[in-house]
Amino acid sequence: MNEIVGYEIEGRVAVLTIDNPPVNALGHAVREGIVTRVEQAVADDGVDAIVLIGAGRTFPAGADIREFDQPAREPHLLVVVDRMDTIEKAVVAAIHGTALGGGLELALGCHFRVASPDARVGLPEVNLGIFPGAAGTQRLPRVAGLDNALEMIVSGKPVGAVTAHDYGIVDAIVEGDLRPGALAFAQKIIADGTPRRISSEPRDGIGAPEAHAETIDRYRDLANRRFRGQESPHQAIESVVDGLRMPYDEAVAADRVRFEACKTSSQSAALRYAFFAEREAAKIPDIGKDVAPRAVKSAGVIGAGTMGRGIAISLADSGLPVTVVETGQEALDAGMAELAKLYEAMVSRGRIDEATKAERLARITGAIDYGVLGEADLVIEAAFEDLDVKKDIFQTLDGVAKPGAVLATNTSYMDIDAIATATSRPRDVIGLHYFVPANVMRLLEVVRGDESAPDAIATGMALARRTNKVGVLAGVCHGFIANRSRLPLVREATFLIEEGASPAQVDKVLTDLGMPLGPLAVSDLSGLDVSWRMRQSLAADRDPEARYMHLADRMCELGRFGIKAGRGWYAYEEGGRHPQPDEEVEAIAAAVAGEQGIERREISDDEIRARCLYAAINEGAKILEEGVAARASDIDVMWLYGFGFPRWRGGIMFIADEIGLPEILSQLRAFEAVHGKLWNPSPLLERLAADGGSFTR
Ligand code: CAA
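Keep in mind that what you see is a predicted model, and the values were worked out from it rather than measured.

Calculation notes
Going along each chain's sequence as written, the residues are numbered from 1 onward. For a predicted model such as this one, the threshold for reporting local features is a pLDDT of at least 70, and the threshold for listing and counting side-chain atom pairs is 80 or more; totals across whole chains, interfaces and linings nevertheless cover every residue. Remark: hydrogens and water are excluded; side-chain values derive from all non-hydrogen atoms of the structure. Domain ranges listed in this record stem from an automatic or a database domain assignment. By definition, residues are in contact when any of their heavy atoms lie within 4.5 Å. The term buried area refers to how much accessible surface (probe radius 1.4 Å) is lost by two components on association, counted for both of them together. The way it works is that DSSP assigns letters per residue, a run of H or I at least four long becomes a helix, a run of E at least two long becomes a strand, and they are numbered from the N terminus. For this purpose, a residue is taken to be near a molecule or strand whenever a single non-hydrogen atom of the residue falls within 4 Å of it. Under this definition, polar contacts are N or O atom pairs within 3.5 Å; protein pairs additionally need one hydrogen-donor-capable and one acceptor-capable atom, and for neighbouring residues in sequence, both atoms have to be side-chain atoms. Residue exposure ignores everything except the shown protein chains as possible cover, and the areas themselves are Shrake-Rupley values with a 1.4 Å probe. We call Asp, Glu, Lys and Arg charged. Ala, Val, Leu, Ile, Met, Phe, Trp, Tyr, Cys and Pro are nonpolar, and the rest, Gly among them, are polar. Salt bridges are counted wherever a side-chain nitrogen of Lys or Arg sits within 4 Å of a carboxyl oxygen of Asp or Glu. Exposure is judged per residue with a 1.4 Å probe applied to protein chains only, and the accessible area is read against the type maximum: over 50% gives exposed, under 20% gives buried, and values in between give partly exposed. Note on ring pairs: Phe, Tyr and Trp rings are taken, using the six-membered ring of Trp, and paired if centres are within 6.5 Å. Classes follow the plane angle, with under 30 degrees stacked, over 60 edge-to-face and the rest tilted. In this scheme, the term charge over a ring applies when either NZ of a lysine or CZ of an arginine sits within 6 Å of the ring centre and within 35 degrees of the ring normal. Between any two strands, pairing holds if DSSP finds at least two bridges. With axes taken as lines fitted to C-alpha atoms, and helix axes fitted only over the stretch in contact, angles between N-to-C directions fall between 0 and 180 degrees. We define the nonpolar core as a collection of buried residues of types Ala, Val, Leu, Ile, Met, Phe, Trp, Tyr and Cys that are connected through side-chain atoms lying within 4.5 Å of one another. Angular relationships are summarised with four words: roughly parallel below 35 degrees, roughly antiparallel beyond 145, roughly perpendicular across 65 to 115, and oblique for the angles in between. The crossing is said to be left-handed when, going from far helix to near helix, the turn is anticlockwise and less than a right angle, and right-handed when the turn is clockwise.

A. Looking closely at the domain arrangement of the chain. Taken domain by domain, the chain holds domain 1 (5-263), domain 2 (299-480) and domain 3 (483-691). For domain 2 and domain 3, the distance between their C-alpha centres works out to 29 Å. Taken residue by residue, the interface counts 18 residues in domain 2 and 12 residues in domain 3. Approximately 1,400 Å² of surface area, both sides summed, lies buried where domain 2 meets domain 3, with 70% of it carried by carbon and sulfur atoms. If you sort the residues of domain 2 by the area they bury against domain 3, Leu 443, Val 472 and His 478 come out on top, with a joint share of 30%.

Here you go:
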């Protein structure tokens, strides 16, 4: 009768099995199936209790996110959940895998819940720009208490079965097979005549909002800190607060209006886009699932500098034994001592305990002899950014690495193909571009050279998953995808200062967009000399007709390297990290502008926003048309995870589509007329704008 929800009877218990791979999402057909089967069980005289369980890997992991853009179809999930309240037979949810969002709401509608020990339950809706609108915000506080419920709803983070049991969300944990355990639980309920628990009923001890003002304010603060600029956690809190002051039915009715507003908001569209973009990035168009990654059981890292140490930690934390190789004993000892300090800091911040630190540190050994790398399945070079140095290293590696080892470089902009020519095995050479600090930042840019073998690339992507990073593929070009698409934003930021804006004004416009730090504060943090050296290395190829970053050079010539020098785009107190406006910067900018014949003027925030953002979008379009990025959404995923771009804005390419490509194009042309050839519009953007096309839709 219904294919998607199975119906079997065992000893007066109807077992309803939801079978909608891969995650039993509660799409229209599933909701319909559940209603049909529940009514069948209600009408069945041979049934005294009902068990709802998921086939495959999980209890429903939520609503079907792909249906959000379509008109809602009946039966709505709320109706399915509310129906449970009026069923006289006990309904038991049997949870394994991840009962998330609508999945947990469905379970909360059931009268009892049992779970496998490794199950997780949560309400991650805020991450999609919505809130638990199928009564999760009303039922969870009644079941788990206000504080626990707000923690789960506002953070969006799931909890494990044991915590769920402590919170009262789960009535029993079933060791062993879930289905027979759930059946036994249901049979005991029948035998004991245990009264049904209806989670929409008022709960003792939960009073009016005034009685919980401190708790509610704490979560409002949390929402502001953790989700700066994002609306959904606040809507979730308001919904919970409504539940404290209104009867269930009224609060649920108020939720309907609020939910529709959230669901149709641009923030929710961006967050849903980000969800799928991230999963899409894991798929490489011409490398299918049949290409197995190479086995990696041990790794080597060349260089114990900042990058090398972060990479070694990231590898060791995932359980891999790592050998770090340096050029001399002194450099090695210094690097290993710094590495130990990083672990120390994790302990003192409460991130890990002493035992974990000892275990992870023990996985990392140091050496000054490349010979030890002969055992490693993967070697990541993190040496100085100098092509000759890197070629030497790869030549040496070629002589010692075992056949089939993946040889990776962490270069942030150099030609992987040139590095690969230093070896006799270019198929094994790939780029693994980490972001600072490498053990913290989630982005891993996996760079594919002309000769890189598919399984070497698959190994890089698998390493990203293993080390809890988001791997995104890039082709070879100067700066690859992330840094190359961001560079024009930084370039425009410095040009705008030449033209009359202050660093604080430029940074504020970008932090108002939701970025964690402005580009000039970031330059001060990472050091202005880094890009100065890069510009010097490219000097021979520089287009003399294109505008150049004279001011950024001048800052470096004056020793204004940023925080480490106590001054950069801002001034810093001795040893301090807090940026203070510095009048000297204005004087330097005015002097450079004078030399370059640039007239200084008042600059609007709108111009700053458009110049910074559109320059990056135009570069993104070029990256896309050159095939360096497989898809526009890959560029966005890089911005989300590499630069902390606000997820609720989707990313630069998503924003471009939202604004409309014809509008972007006309602005690019206007800027080109004033500022010259750096603003040449990308031909792809021109084509899409003319054809009514888009990057991401
Ligand atoms: N709707 C539609 N598709 C979904 C989905 C969902 N809720 N959850 C996962 N998928 C899809 C993924 O897109 C992916 O598809 P492809 O294989 O085609 O890429 C596939 O299922 C497997 O997902 P993952 O690759 O993410 O698998 P995983 O094992 O790493 O993670 C998971 C599984 C923890 C369930 C993770 O997918 C996840 O967090 N999903 C989202 C959960 C969620 O946010 N639920 C709340 C939805 S909103 C809601 O429920 C409110 C409401 O009632 C209106």
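From this point on, the discussion continues.
B. Focus on the side chain of Thr 58. Topologically, Thr 58 is positioned in the loop between strand 3 (49-54) and helix 2 (77-83). Once residues lying within four places of it in the same chain are set aside, the contact partners of Thr 58 are Pro 22, Val 23, Asn 24, His 96, Gly 97, Thr 98 and Ala 99.

C. Summary view of the site of the ligand. Taken together, 26 residues are adjacent to the ligand, and Arg 57, Ala 63, Gly 102, Arg 279 and Lys 283 come closest. Here a nitrogen atom of the ligand sits 2.9 Å away from a polar atom, N or O, in the main chain of Ile 65. Arg 279 places a side-chain nitrogen or oxygen 2.6 Å from an oxygen atom of the ligand. For the ligand, the protein covers 73% of the area, taking 990 Å² as the surface of the free molecule. Contributions of two or more residues to the shell around the ligand are made by strand 5 (98-100), helix 3 (102-109) and helix 11 (266-281). Taken together, the residues of the shell around the ligand sort by class into 15 nonpolar, four polar and seven charged.

D. Expanded view of the pattern of salt bridges. Scanning the entire structure with this criterion turns up 57 salt bridges. Note that Arg 245 and Asp 242 form a salt bridge whose closest N and O atoms lie 3.4 Å from each other. Of this pair, Arg 245 and Asp 242 are both found in helix 9 (residues 232-245), three residues apart, which corresponds to roughly one turn of the helix. Put simply, Arg 363 and Glu 359 hold a salt bridge, and the shortest N to O gap is 3.1 Å. Taking relative accessible area as the criterion, Arg 363 reaches 23% and is therefore assigned partly exposed. Shared partners join several salt bridges into a network, and the residues in it are Arg 491, Glu 492, Glu 498, Glu 499, Arg 547, Arg 601, Glu 607 and Arg 611.

E. Fine view of the packing of aromatic side chains. By the definition in use, this model includes nine aromatic pairs. Geometrically, the ring pair formed by Trp 639 and Phe 645 is edge-to-face, given 5.6 Å between the ring centres and 90 degrees between the ring planes. Across the pair, exposure class does not vary: Trp 639 and Phe 645 are buried alike. The structure contains a cluster of three or more aromatic residues connected by ring pairs, namely Phe 435, Trp 639, Phe 643 and Phe 645. We note Arg 486 situated over the ring of Phe 643; from NZ or CZ to the ring centre the distance is 5.4 Å. Note that Arg 697 overlies the ring of Phe 654, its terminal NZ or CZ placed 4.7 Å from the centroid.

F. Region of the structure containing helix 19 (residues 503-512). Buried within helix 19 are the following residues: Pro 503, Val 506, Asp 507, Val 509, Leu 510 and Thr 511. As for helix 19, its buried residues are in contact with helix 18 (482-499), helix 20 (519-526), helix 23 (583-596) and helix 24 (605-625). One or two steps after helix 19, the chain reaches Gly 514, where phi turns positive at roughly 115 degrees.

G. Geometry of the pairing of strand 10 (residues 299-302). The two faces of strand 10 match: Ala 299 and Val 301 on one face and Gly 300 and Ile 302 on the other face are all buried. Bridge count for strand 10 against strand 13 (residues 378-381) is four bridges, and the pairing is parallel. Bridging across to strand 13, Ala 299 finds its partner in Leu 378. The pairing of strand 10 with strand 11 (residues 322-325) spans four bridges and is classified as parallel. By the bridge assignment, Val 301 is partnered in strand 11 with Val 324.

H. Molecular detail of the sheet that holds strand 17 (residues 470-475). Ordered by their spatial adjacency, eight strands build an open sheet running 12-11-10-13-14-15-16-17, and the pairing between neighbours is mixed. Each edge of the open sheet is held by one strand with a lone partner, namely strand 12 (364-367) and strand 17. Averaged over all pairs of adjacent strands, the angle between their axes in this sheet comes to 25 degrees, without regard to strand direction. Where helix 13 (residues 329-348) meets the sheet, it contacts strand 11 and strand 12, and its direction lies at approximately 165 degrees from that of strand 12. Where helix 17 (residues 454-466) meets the sheet, its contacts fall on strand 13, strand 14 (406-409), strand 15 (429-434), strand 16 (443-448) and strand 17, and the angle it forms with strand 16 comes to roughly 180 degrees.

I. Examining the environment of Asp 171 more closely. Secondary-structure assignment places Asp 171 in the loop between helix 6 (161-167) and strand 9 (172-173). Judged by its relative accessible area of 22%, Asp 171 falls in the partly exposed class. In this structure, the C-alpha to C-alpha distance between Asp 171 and Glu 451, residues 280 residues apart in sequence, is 56 Å. The residues touching Asp 171, leaving out its near neighbours within four places in the chain, are Phe 112, Arg 113, His 165, Phe 185 and Arg 197. At 2.6 Å, the side chain of Asp 171 forms a polar contact with the side chain of Arg 197.

J. Spatial organisation of the nonpolar core. Counting residues in hydrophobic clusters, the biggest one holds 103 residues, and the most contacted among them are Val 506, Trp 569, Tyr 614, Ile 617, Trp 639, Ile 652 and Phe 695. Formed jointly, this core draws a minimum of three residues from each of two domains, domain 2 (299-480) and domain 3 (483-691). Beyond its immediate chain neighbours, meaning those up to four positions away, Val 506 contacts Ala 493, Leu 496, Ile 497, Ala 501, Pro 519, Leu 520 and Ile 608. In terms of nonpolar packing, the next biggest core, distinct from the first, is built from 65 residues, Ala 93, Leu 128, Ile 153 and Ile 216 among them.

K. Fine view of the sheet that holds strand 3. Taken together, six strands build an open sheet; the order of strands is 1-2-3-4-6-9 and the sheet is mixed. The strands lining the two open edges of the sheet, one partner per strand, are strand 1 (5-10) and strand 9. Here strand 2 (residues 13-18) runs beside strand 3; their pairing, made up of six bridges, is parallel. When the bridges of strand 3 are listed, Val 15 appears paired with Val 51. Where helix 7 (residues 178-192) meets the sheet, it contacts strand 1, strand 2, strand 3, strand 4 (90-95), strand 6 (112-115) and strand 9, and its direction lies at approximately 145 degrees from that of strand 2.

L. Focus on helix 22 (residues 550-557). Where helix 22 is concerned, the buried positions are Leu 551, Ala 552, Asp 553, Met 555 and Cys 556. Those residues of helix 22 that are buried are in contact with helix 18, helix 21 (528-537) and helix 23. Gly 559, located one to two residues past helix 22, shows a positive phi value of around 80 degrees.

M. Quick peek at the packing of helix 5 (residues 146-155) against helix 8 (residues 213-226). Running from amino to carboxyl end, helix 5 crosses helix 8 at an angle of 15 degrees, the nearest separation of the two axes being 10 Å. Taken together, the axes of helix 5 and helix 8 lie roughly parallel to each other. Regarding helix 5 and helix 8, the two cross each other, and that crossing is right-handed. Contacts between helix 5 and helix 8 involve Asp 147, Leu 150, Glu 151, Val 154 and Ser 155 from the first element and Thr 215, Arg 218, Tyr 219, Leu 222, Ala 223 and Arg 226 from the second. Partitioned by chemical class, the residues of the contact of helix 5 with helix 8 number five nonpolar, two polar and four charged.

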